[in-house]
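Listed below, chain by chain, are the residues.
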Amino acid sequence: MKQILQILFFSVASLSIPITASAWEFAYDGVIYKTLSDNTAETTYGTGGYGIYSGSKTIHAIAKDYDDSTYIVIGIASNTFRECYELTGISIPETVTYIGGSAFRNCNGLKSANIPSKITAIENYTFGGCSSLSSPITIPAGVTYIGNNAFANCSNVPTVTFLGNNVTTIGDEAFLNCSSISSITLGSNITSIGNRAFNGCKSITEITIPNGVTKIGESTFSSCENLKSVNLHNNIDTIGQGAFYGCASLESIYIPNSVRKISKSAFYNCTSLKNVNLPEGLRYIDIQLFSYCENLTNITLPKSISYIGDHSFLLCKNLQSIAIPDNVHTINKQAFNGCSSLETIY
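Residues numbered from 1 in each chain as written. Predicted model: local features only at pLDDT ≥ 70, side-chain atom pairs only at ≥ 80, totals over all residues. Heavy atoms only, no water.

**Student:** What's the story with the sheet that holds strand β14 (residues 169-170) in this structure? I'm lost.
**Tutor:** What links the strands of a sheet is backbone hydrogen bonding, and the strands pair in either a parallel or an antiparallel sense. Reading across from one edge, β10-β12-β14-β15 is the order of the four strands in this open sheet, with parallel pairing throughout. The sheet terminates laterally at β10 (121-122) and β15 (192-193), the two strands that pair on one side only. By the bridge criterion, two bridges tie strand β12 (residues 145-146) to β14 in an arrangement that is parallel. Bridge pairing in β14 places tyrosine 145 opposite threonine 169. (Pairing = 2+ DSSP bridges. Helix = DSSP H or I, 4+ residues; strand = E, 2+ residues; numbered from the N terminus.)

In structure tokens:
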């Protein structure tokens, strides 16, 4: 039934459909376009709803309508190819200057795609859920913004390359569960990295945080199982909840003196973590901060610490000694539970 409806849809779409007095939809080489002003057009899913495209598609730089009038294709409208589960490839011309949000969302059969050089933003969910996408991703030099979930669950993308240095914002979950990306270099103009932006990027081994970033968000690098090296700078003031949760290969981390807050579970289950410094000015050891850091052997608490939270060193089996600063007025329940090698608290 669905196939019949699609055939009927393309039959109608091959005739131009009036949208307004100045806008039309038409089909050209298996793709639906909507006319804009000044002899330009953008792709759309037409009246057939999501999921109408399959196979490998080419978006042409010039599209022709039913009477051979030509239009320069400048954009891909939001949701155009959304949930086209049988779409396997897409070729996008250099005339395209924008790709709308969710344009390829959940195209889980899509294996290859390109991003034209004139694009300035990767919108929310543009390629989110494209789990078969296996071509390298190149972010054009003019891009300033990567939206929420832009590449989330693109688990087969091998690399992400930034051609320019203009990106300022990486949204929440932008690269969530991109488990095949082995390296990524963040541009120096980035000022904001969203919550869970790289959560589940299991193949990343090192990361350098740009100088303009002041906060590591919630679960930003959680479950980056092979992350061994993290470079933080002196402008960071906050490390969010679960920021490095489950980074099982992280052996040491230098936390700069600018940091004033490290939220709960930030280093939970970092099972290889042996050494960590805590900066003066930090007031709290939050709940479960170092829980299950079973190879943590020593840690020095700064004099500014006044509070040690629940389960903060739970099952740190190799922790041998710890000095409690004079300012500490509260040590909450089970803070050192399971620290079987702990011989000295002073």
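**Student:** Would you take a moment to explain the sheet that holds strand β17 (residues 215-216) for this structure?
**Tutor:** Here we have three strands laid out as an open sheet, ordered β17-β19-β21, and parallel in their pairing. Two strands bound the open sheet, and with one partner strand each, they are β17 and β21 (261-262). Pairing analysis gives two bridges linking strand β19 (residues 238-239) to β21, with the strands arranged parallel. What sits directly across from threonine 238, in β21, is lysine 261.

**Student:** Looking at this structure, how should I read the side chain of asparagine 199?
**Tutor:** For asparagine 199, the location among the structural elements is in the loop between β15 and β16 (206-208). If near-sequence neighbours (up to four positions away) are discounted, asparagine 199 is found in contact with Phe175, Leu176, Asn177, Ser219, Thr220, Ser222 and Ser223. (Contact = heavy atoms within 4.5 Å.)

**Student:** Looking at this model, I keep getting lost on the confidence of the model for the chain. Mind explaining?
**Tutor:** Regions with low pLDDT should not have their predicted coordinates read in detail. Residue-level pLDDT values for the chain average 91, and 94% of them are 70 or greater. Throughout residues 1-21 the model reports pLDDT below 50, and contacts reaching past four residues in sequence, or to other chains, amount to 33 contacts. (pLDDT = per-residue confidence, 0-100.)

**Student:** How should I be thinking about the packing of aromatic side chains in this particular structure?
**Tutor:** On inspection of all chains with the given rule, the structure shows 18 aromatic pairs. When the centroid spacing of 5.2 Å and the interplanar angle of 0 degrees are considered together, the rings of phenylalanine 104 and phenylalanine 127 count as stacked. Placement of the pair is phenylalanine 104 in the loop between β9 (98-99) and β10 and phenylalanine 127 in the loop between β10 and β11 (137-139), with a sequence separation of 23 residues. Phenylalanine 127 carries the same exposure label as phenylalanine 104, and that label is buried. Just above the ring of tyrosine 125 sits the side chain of arginine 105; from NZ or CZ to the centre is 3.7 Å. (Phe/Tyr/Trp six-rings, centres within 6.5 Å; stacked < 30°, edge-to-face > 60°. Buried < 20%, exposed > 50% of the residue type's maximum accessible area, 1.4 Å probe, protein only. Lys NZ or Arg CZ within 6 Å of the ring centre and 35° of its normal.)

**Student:** Help me understand the pairing of strand β3 (residues 31-35) in this model?
**Tutor:** The side chains of a regular strand alternate between the sheet's two faces. For β3, a buried count of four out of five residues is recorded, marking the element as mostly surrounded by other parts of the structure. Looking at chain direction, strand β2 (residues 24-28) and β3 are connected through four bridges and run antiparallel. Bridge pairing in β3 links alanine 27 to isoleucine 32. Connecting the antiparallel pair β2 and β3 is a turn made up of two residues, with aspartate 29 showing a positive phi of about 50 degrees. Both β3 and strand β4 (residues 40-44) contribute to a ladder of four bridges, which runs antiparallel. Residue pairing across strands places isoleucine 32 opposite threonine 44, the latter belonging to β4.

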